[in-house]
2 protein chains.
Amino acid sequence: MTNLSISRRGELMPASPIRKLVPYAEAAKKRGTKVYHLNIGQPDIETPKMVLDAVRHSDFKILEYSHSAGNESYRRKLVEYYSRVGITVDYTDIIITTGGSEAIMFGFMACFDEGDEVIIPEPFYANYNGFAVEAGVKVVPITSSIQSGFALPPISAFEEAITPKTKGIVICNPNNPTGYLYSREEMETLKTIVQKHGLFLFSDEAYREFCYEGTHISAMQLEGIDDNVVLMDTISKRYSACGGRIGALVTKNKKLYNTVMKFAQARLSPPGFAQLAGEAAIDLPADYFNATKEEYKARRDLLVKRLNAMEGVFCPNPGGAFYAMAKLPVDDADKFCQWLLEEFSYNNQTVMLAPASGFYGTPGLGKQEVRLAYVLNLESINAAMDCLEKALLDYKNI
Amino acid sequence: MTNLSISRRGELMPASPIRKLVPYAEAAKKRGTKVYHLNIGQPDIETPKMVLDAVRHSDFKILEYSHSAGNESYRRKLVEYYSRVGITVDYTDIIITTGGSEAIMFGFMACFDEGDEVIIPEPFYANYNGFAVEAGVKVVPITSSIQSGFALPPISAFEEAITPKTKGIVICNPNNPTGYLYSREEMETLKTIVQKHGLFLFSDEAYREFCYEGTHISAMQLEGIDDNVVLMDTISKRYSACGGRIGALVTKNKKLYNTVMKFAQARLSPPGFAQLAGEAAIDLPADYFNATKEEYKARRDLLVKRLNAMEGVFCPNPGGAFYAMAKLPVDDADKFCQWLLEEFSYNNQTVMLAPASGFYGTPGLGKQEVRLAYVLNLESINAAMDCLEKALLDYKNI
C-alpha cells in the first residue's frame with residue numbers, strides 16, 4: 001500500500017566513519033574523562049584575525065545572493081593566490097563552492113552517471129564514498145600500503161582497474177588520511193594514465209600549503225591535460241576556516257565548467273559572509289603559512305616519534321597535510337578505538353582516534369590501522385601519546 | 001578513445017530560466033539603459049541590523065565546523081519560531097541546510113531514486129527541475145491555470161497522474177511563481193492524497209510570512225501524516241538574507257531524518273556565520289513582519305492594478321509571496337522579454353521580466369505568461385509598469 005520508503009541511495013549512503021564513535025566520546029566526557037580529539041581534522045589554529053575582521057567590519061545593508069560562481073572580486077583575487085603557488089588560471093576557470101565538499105559533489109555530478117566507475121587510491125577521504133553514492137558512481141579502490149608509506153600504487157595497478165566504464169581518477173594531495181605527498185614522477189604517471197585512457201583527473205588539494213618535505217605538484221601544473229583536470233579546493237584547512245564553507249572548483253575544460261555552472265545556478269549562490277573572509281585571506285602576509293607549517297611540522301615530528309617508539313607500532317613519516325596513519329598491535333582498530341573511549345582512562349584522560357577501516361574501499365583492509373590528526377598542541381599530543389602507550393599495554397592483557 | 005564527456009545528468013541539467021536573459025540585461029546596461037529587475041526574487045528590503053550584527057559582533061577565535069545538523073542553540077531557537085507560527089516540532093526534527101536549496105536536494109536524494117516520479121503542480125519554482133535531475137527523479141506536472149488564479153488542480157488530476165512509480169508531491173505555499181496561497185481545504189485534499197497513496201509531501205514554505213489575505217496552513221499542521229511531511233524552509237526571503245545560505249529541512253519521520261543526516265554529514269556542516277544571523281533573527285520584535293508585509297502588500301496592489309489596467313493583460317491577485325503571474329497580449333513571452341532588453345527603451349529605461357515557460361513542466365504552456373517579482377519600491381514599480389505599458393503598445397506594431 002505505502003510507497004513511503006526512503007531511496008536506495010539513502011540506504012546506501014554511508015554514515016561518517018569519523019563521527020560514528022562520537023556517542024562513546026560524549027559518554028566518556030559525561031563520566032568526567034578528558035578526551036584528546038585526534039580523530040577529526042578540526043585545527044586548533046586560530047583563524048587569522050584579518051580574515052574574520054573582513055566579515056565583522058563589512059558594512060553592506062542587504063545580505064544578497066552573490067553570483068552563482070561566487071563574487072567576481074573574490075574569483076579575481078584567487079587568481080593571484082593560485083599564481084603565487086605556481087598555478088596559472090583565469091577567474092573564469094573558477095567556481096566558488098560551498099566548501100570543498102560541494103566542489104567534489106558538483107564534479108562527480110557533472111562527470112559521472114549511474115554505473116560509471118572512478119578509481120581512487122585507498123585509503124581515501126571517507127566522504128568521497130558519500131558523494132559517489134549521490135552521483136551513483138562506483139568507487140574502484142586501488143590499494144596503497146602502509147609498508148611503502150602509502151606511495152601511489154604502480155601504473156600496472158591502475159591499468160588493471162580500468163574498464164570501459166572508468167571515467168576518472170581521484171587523488172588527494174597531500175593526502176587525507178595518509179599525509180602522503182605525491183612526487184613529480186607520480187603526478188607524471190597519473191598524467192600518462194588519464195591521457196592514455198581519456199579520464200578526468202580530480203585533484204583534491206585542500207592541504208596544499210602544508211608540505212613538510214618536498215614540493216607540492218598541483219594537477220593544474222601538468223601540461224597538456226587541461227581538459228582532464230578538475231581541481232577541488234577549500235579555505236577550510238588553509239586558513240583554519242572550516243566553518244565558513246567556502247571552496248572552489250577550478251577547471252579549464254569549458255564544457256565541464258558550463259555544466260557545473262548549471263548545478264551552481266540551481267543552488268543559487270555560495271555563502272556570502274565567508275566569501276569576504278576568503279577574499280581577505282589572500283592578502284595575508286607572505287610568511288603567514290610559515291608559522292603554521294612550523295607548528296604542524298613540530299607536531300608531526302613529535303607524534304611520529306612517539307608512535308614509532310611504542311612496541312609494535314609503525315607510523316610512516318607523512319610529507320604533508322596534518323594526518324598520520326599508524327599500524328597498531330591490535331586485531332581490530334574499530335574495537336580498540338571504542339574501547340579507548342568506553343573502558344580506558346589514564347590519569348582520567350583518554351584519546352579518540354579514527355579507525356582506518358572507514359578509509360578503505362576494500363572490505364577487511366586497514367583493520368589494524370588508525371588515522372591521527374595532529375591538530376592539537378605539542379603538550380596535548382604528548383599527553384595523548386602517553387594515553388595511547390598505556391592503553392596498548394593494558395589492551396594486550398585483556 | 002576518450003571517455004572525456006560530461007555526464008548525461010550534466011547534459012539534462014537545465015539552465016536557469018531566470019538567469020538566461022542576464023547577458024541581454026548586461027548589454028542594455030552597457031548601452032546606458034536603466035533596467036528594472038522584476039525578474040528575480042532578490043528583495044530590496046534591508047536585512048535587519050540586529051541580524052547582521054549577530055555576525056559582526058561575534059567574537060569567536062576559530063571558525064570551526066558546526067554540528068552537521070547545525071548549531072544546537074539555533075535548532076532549539078527555531079523550535080520557538082515554529083511554535084509562534086503554529087508548528088510544533090522538536091529541535092531533533094530539524095536539520096540546518098545550506099539554503100532552502102540544500103533542503104530540497106537532500107529531501108529528493110533521500111526519498112527518490114532514478115526513475116521514481118514526483119508530482120508538482122505547475123507552474124513551479126524552476127530549480128525543482130534541477131534538483132530532480134540531480135536525484136534522477138521524473139517531474140510529473142499537473143497544471144494549474146491562470147484563469148482560476150492558479151488554485152490547486154482538482155483531486156482527479158492527481159489521481160490521474162499517480163502511477164506505481166509516484167513517490168511524492170511537492171508544493172510551494174505560498175507559491176513561487178504564482179503567489180497562490182493554498183486554502184485549508186486544498187491542504188486537506190493533499191493530506192487525503194498522500195495518505196491514500198503513501199506519498200511524501202514536500203512543502204516549500206519559504207514565503208510563509210508573506211500572506212496578504214487568508215491564513216497560511218503549513219503541511220506540518222496536517223494531522224496524522226507526520227511520516228509523510230518534509231518541510232523545506234529558508235531564512236532567505238523571511239529576513240531578506242538570501243546570501244547567507246541558511247535553510248532547514250524539518251521532518252518527524254525519524255528514518256528519513258537519519259538518512260538525511262548521512263547526506264548532511266558527508267558535506268560536514270552548514271555555513272557558520274549565517275547560522276548566527278538566523279539564530280538572532282528569531283529574537284526580532286513580534287511586529288517585525290508587519291512593516292515588511294505592509295510594504296509588499298502595497299507593492300502587490302499597485303502592480304496588479306497597473307497590470308490589469310493594460311489592454312489585453314490579465315493578472316490574478318496573488319495571496320502571498322512576492323510574485324505575480326500575468327498573461328500578456330504577446331505570442332511568445334520569451335521573445336518579448338528578450339526584446340524588452342535588446343530593442344526597447346522608454347525614457348532610457350526598460351524592465352526585465354521572467355518568461356513563464358521555464359516554470360512549466362509541460363512543453364508549450366505559459367508561452368504568453370511572465371512572472372513579476374515585486375521586490376522594488378512603489379516608485380520603481382510604477383516606472384517599470386510605465387515601461388511595460390509602452391512596450392506592449394510598441395510591440396503590437398512591430
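Keep in mind it's a predicted model, so treat the numbers as computed, not measured.

### Some points on the relation of the copies chain B and chain A
Right, so step 1: In the superposition of chain B on chain A (RMSD 0.0 Å, axial shift 0.0 Å), the rotation amounts to 180 degrees. What the rotation and shift describe, once combined, is the action of a two-fold rotation axis. Of every C-alpha in chain B, the one belonging to R56 of chain B sits nearest the axis of rotation, 2.0 Å from it.

### Here's the deal with the sheet that holds strand β7 (residues 229-234) of chain A
Residue and element names in this part refer to chain A.
Right, so step 1: Read from one edge of the open sheet, 7 strands run β2-β8-β7-β6-β5-β3-β4, paired in mixed fashion. Every other strand in the sheet has two partners, leaving β2 (94-97) and β4 (138-143) as the edge strands with one partner each. Direction aside, neighbouring strands of the sheet carry axes that sit 20 degrees apart on average.

### So, the domain arrangement of chain A
All names here are of chain A.
Right, so step 1: With domains assigned, chain A is organised as domain 1 (8-46 + 289-396) and domain 2 (49-281).
Right, so step 2: Relative placement of domain 1 and domain 2: their C-alpha centres are 26 Å apart.
Right, so step 3: Counting from both sides, the interface comprises 38 residues of domain 1 and, opposite them, 32 residues of domain 2.
Right, so step 4: Secondary-structure elements contributing two or more residues to the side of domain 1 that touches domain 2 are α1 (8-12), α11 (288-308), β9 (323-327) and β12 (369-373).
Right, so step 5: Take the side of domain 1 that touches domain 2: its biggest share by element is 5 residues, from α11.

### Considering the environment of S7 of chain A
Right, so step 1: As for its position among the elements, S7 of chain A is in the segment before α1.
Right, so step 2: S7 of chain A sits in the buried class, given 22 other C-beta atoms within 10 Å.
Right, so step 3: Setting aside residues up to four positions removed in sequence, S7 of chain A forms contacts with M109, A110, C111, F112 and D113 of chain B.

### Topic: the interface of chain B and chain A
Put simply, an interface is often sized by how much accessible area is lost when its parts join up.
Right, so step 1: On the side of chain A, 67 residues touch chain B, which itself brings 66 residues to the contact.
Right, so step 2: Of all the elements in the fold, those that place two or more residues in the side of chain B that touches chain A are α1 (8-12), α3 (49-56), α5 (99-111), α6 (127-135), α9 (254-266) and α10 (272-281) of chain B.
Right, so step 3: Among the residues forming the side of chain B that touches chain A, the class breakdown is 27 nonpolar, 22 polar and 17 charged.

### Remarks on helix α9 (residues 254-266) of chain A
Residues and elements named next belong to chain A.
Right, so step 1: Here α9 spans 19 Å end to end across 13 residues, near enough to the 18 Å set by a 1.5 Å rise per residue.
Right, so step 2: Burial analysis of α9 places 10 of its 13 residues in the buried class, the great majority of the element.
Right, so step 3: Buried within α9 we find L256, Y257, T259, V260, M261, K262, F263, A264, Q265 and A266.
Right, so step 4: Within two residues after α9, L268 carries a phi angle of roughly 75 degrees, on the positive side.

### Focus on the pairing of strand β4 (residues 138-143) of chain B
Residue and element names in this part refer to chain B.
Right, so step 1: With 6 bridges connecting them, strand β3 (residues 117-122) and β4 associate as parallel partners. Of the residues in β4, the one forming a bridge with E122 is T143.
Right, so step 2: For the handedness criterion, the β-α-β arrangement of β3, α6 and β4 is classed as right-handed.

### So, the sheet that holds strand β5 (residues 166-172) of chain B
All names here are of chain B.
Right, so step 1: What the 7 strands build is an open sheet, ordered β2-β8-β7-β6-β5-β3-β4; its pairing is mixed. Edge positions in the open sheet fall to β2 (94-97) and β4, since each of these has one partner strand only. Within the sheet, the average angular offset between the axes of one strand and its neighbour, ignoring direction, is 20 degrees.
Right, so step 2: As paired elements, β5 and strand β6 (residues 200-204) share 5 bridges and run parallel to each other. In the sheet register, G168 faces β6, and the bridge partner there is F200.
Right, so step 3: Its contacts with the sheet put α6 on β3, β4 and β5, and the angle it makes with β4 is roughly 150 degrees.
Right, so step 4: Contacts from helix α8 (residues 184-197) reach β5 and β6 within the one sheet, and its direction differs from that of β5 by about 165 degrees.

Definitions and limits used
- Residues numbered from 1 in each chain as written.
- Chains lettered and ligands numbered in written order.
- Predicted model: local features only at pLDDT ≥ 70, side-chain atom pairs only at ≥ 80, totals over all residues.
- Least-squares fit on C-alpha atoms with pLDDT ≥ 70 in both.
- Pairing = 2+ DSSP bridges.
- Helix = DSSP H or I, 4+ residues; strand = E, 2+ residues; numbered from the N terminus.
- Axes fitted to C-alpha atoms, helices over the stretch in contact; angles between N-to-C directions.
- Domains from an automatic or database assignment.
- Contact = placed C-beta atoms within 7 Å.
- Buried ≥ 20, exposed ≤ 12 C-beta atoms within 10 Å, placed from the backbone.
- Nonpolar A, V, L, I, M, F, W, Y, C, P; charged D, E, K, R; others polar.
- Expected span 1.5 Å × (residues − 1).
- Right-handed = clockwise from strand over helix to strand, strands pointing away.

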